[in-house]
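Results of the structural survey
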Amino acid sequence: MIQFDAVHKRFPNGTTAVHDLTLDLPEGGVTVLVGSSGCGKTTTLRMVNRMVEPTSGTVRVGGKDVTEQDAAELRRSIGYVIQQAGLFPHRTVLDNIATVPLLLGHGRRRARSRAAELLETVGLSAEAGKRYPHQLSGGQQQRVGVARALAADPPVLLMDEPFGAVDPVVRTQLQDELLRLQKELSKTIVFVTHDIDEAVRLGDRIAVFRAGGHLVQCATPTELLARPADDFVADFLGAERGLKLLSLKTLAEVPQGPAPQGDWTLVLDAARKPLHWASKDAELPVRPLKDTDSLLSALNESLASPAGLIARVDADGVLTGVSSREDIHEHAGRAHTEARVAA
Ligand SMILES: Nc1ncnc2c1ncn2[C@@H]1O[C@H](COP(=O)(O)OP(=O)(O)OP(=O)(O)O)[C@@H](O)[C@H]1O
């Protein structure tokens, strides 16, 4: 869908921002560009919508060389979300979102009704649409930024550190929203971030850059974590790369059975939902897990659990069985080996 073919970008001051980049971004996937500050992520992104022109090489969107298309038209067909949302301060939220449909020649009524729909899509109330950007929180402004980028229903979405300026809790919410939206919309998304955890969470593929605009590795999150191409990538992924890999695997295949007799008993309510762990003289909280929870959560919970057991529940929160710390460990080890030897 988006192809970089031997793309080089050197700015007039002599800085090489992107060095001989050849990269193919598949349709309908999220590709995350990561790397330390100044390694050329934003420049790469901006060459897609011609905010920056390559010095040499070709960037194609949908098979067409972007330099052969009218820049303004191209930009209207590519959603763009930036860190500070980039909203127009003197227009209401609804009018901000309606901007692109209006530019595309949709009538005012249609543009505003589309904007109202999108407001709901990104989880904001109709009331928020009447406010001005400064009357919203940072997280809400980012949602508006996403809604505005989606307004023309572009097949491609460029997102440059869109959630960089919000606190970790809101950031996680916004990431969840994006994953939910992406399930419905299947856009081709290029997402820039500094944050490797965000990359692992959101990316179908992750492209790691190093200083001087060199692409070092582009792979699925599992491949990257299990088989980093070199020490630079391994260092970038951090010492906890093994645990991060477990965040991508689910608990589903870990065996479960009835709780064994021991010093600690799992206490259930009348509907067989876990309440807490109890021993002769103490009570400790339980955090039940579903099949869709990650092996990392399971490992965490098994360490916190007094009996070394995790409580497994179905979608309604009803107990289905327990799993032991040993079984979770074994599966975690196996997940690692499989990911590392996979072709
Ligand atoms: N207009 C410009 N003129 C000259 N140099 C530039 C220009 N824009 C970017 N650069 C330089 O090009 C290099 C790559 O910049 P870019 O913004 O693409 O990096 P980045 O990886 O997105 O960084 P960050 O994570 O800090 O946003 C940097 O050294 C930067 O200083």
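Criteria and thresholds
Residues numbered from 1 in each chain as written. Predicted model: local features only at pLDDT ≥ 70, side-chain atom pairs only at ≥ 80, totals over all residues. Domains from an automatic or database assignment. Contact = placed C-beta atoms within 7 Å. Helix = DSSP H or I, 4+ residues; strand = E, 2+ residues; numbered from the N terminus. Buried ≥ 20, exposed ≤ 12 C-beta atoms within 10 Å, placed from the backbone. Pairing = 2+ DSSP bridges.

1. What to know about the domain arrangement of the protein chain
Many descriptions give the size of an interface as the accessible area lost when the pieces come together. Domain annotation for the protein chain reports domain 1 (2-246) and domain 2 (265-341). Computed from C-alpha coordinates alone, the two centres of domain 1 and domain 2 are separated by 36 Å. In this complex, domain 1 contributes seven residues to the contact, which on the side of domain 2 involves nine residues. Counting only elements with at least two residues in the side of domain 1 that touches domain 2, the list comes to α9 (221-226) and α11 (241-246).

2. Some words on the environment of Gly203
Topologically, Gly203 is positioned in the loop between α8 (196-202) and β9 (205-210). Its 23 C-beta neighbours within 10 Å are what place Gly203 among the buried residues. For the pair formed by Gly203 and Ser77, sequence separation is 126 residues and the distance between their alpha carbons is 22 Å. Residue contacts for Gly203: discarding those within four places in its chain leaves Val30, Thr31, Val32 and Pro221.

3. Observations regarding helix α1 (residues 41-48)
The element α1 is largely enclosed, with a buried count of six among its eight residues. The positive-phi residue at the C-terminal boundary of α1 is Arg50, with phi of around 65°.

4. Notes on the pairing of strand β4 (residues 56-61)
Across five bridges, strand β1 (residues 2-10) lies against β4 in antiparallel orientation. For Ile2, the partnering residue across the bridge sits in β4 and is Val61. Here β4 runs beside strand β5 (residues 64-65); their pairing, made up of two bridges, is antiparallel. Note that in β5 the partner of Val61 across the bridge is Lys64.

5. Overview of helix α12 (residues 295-304)
Looking only at α12, the buried set comprises Leu295, Ala298, Leu299, Glu301 and Ser302. In this structure, the buried residues of α12 make contact with α11, β14 (309-313) and α13 (325-341).

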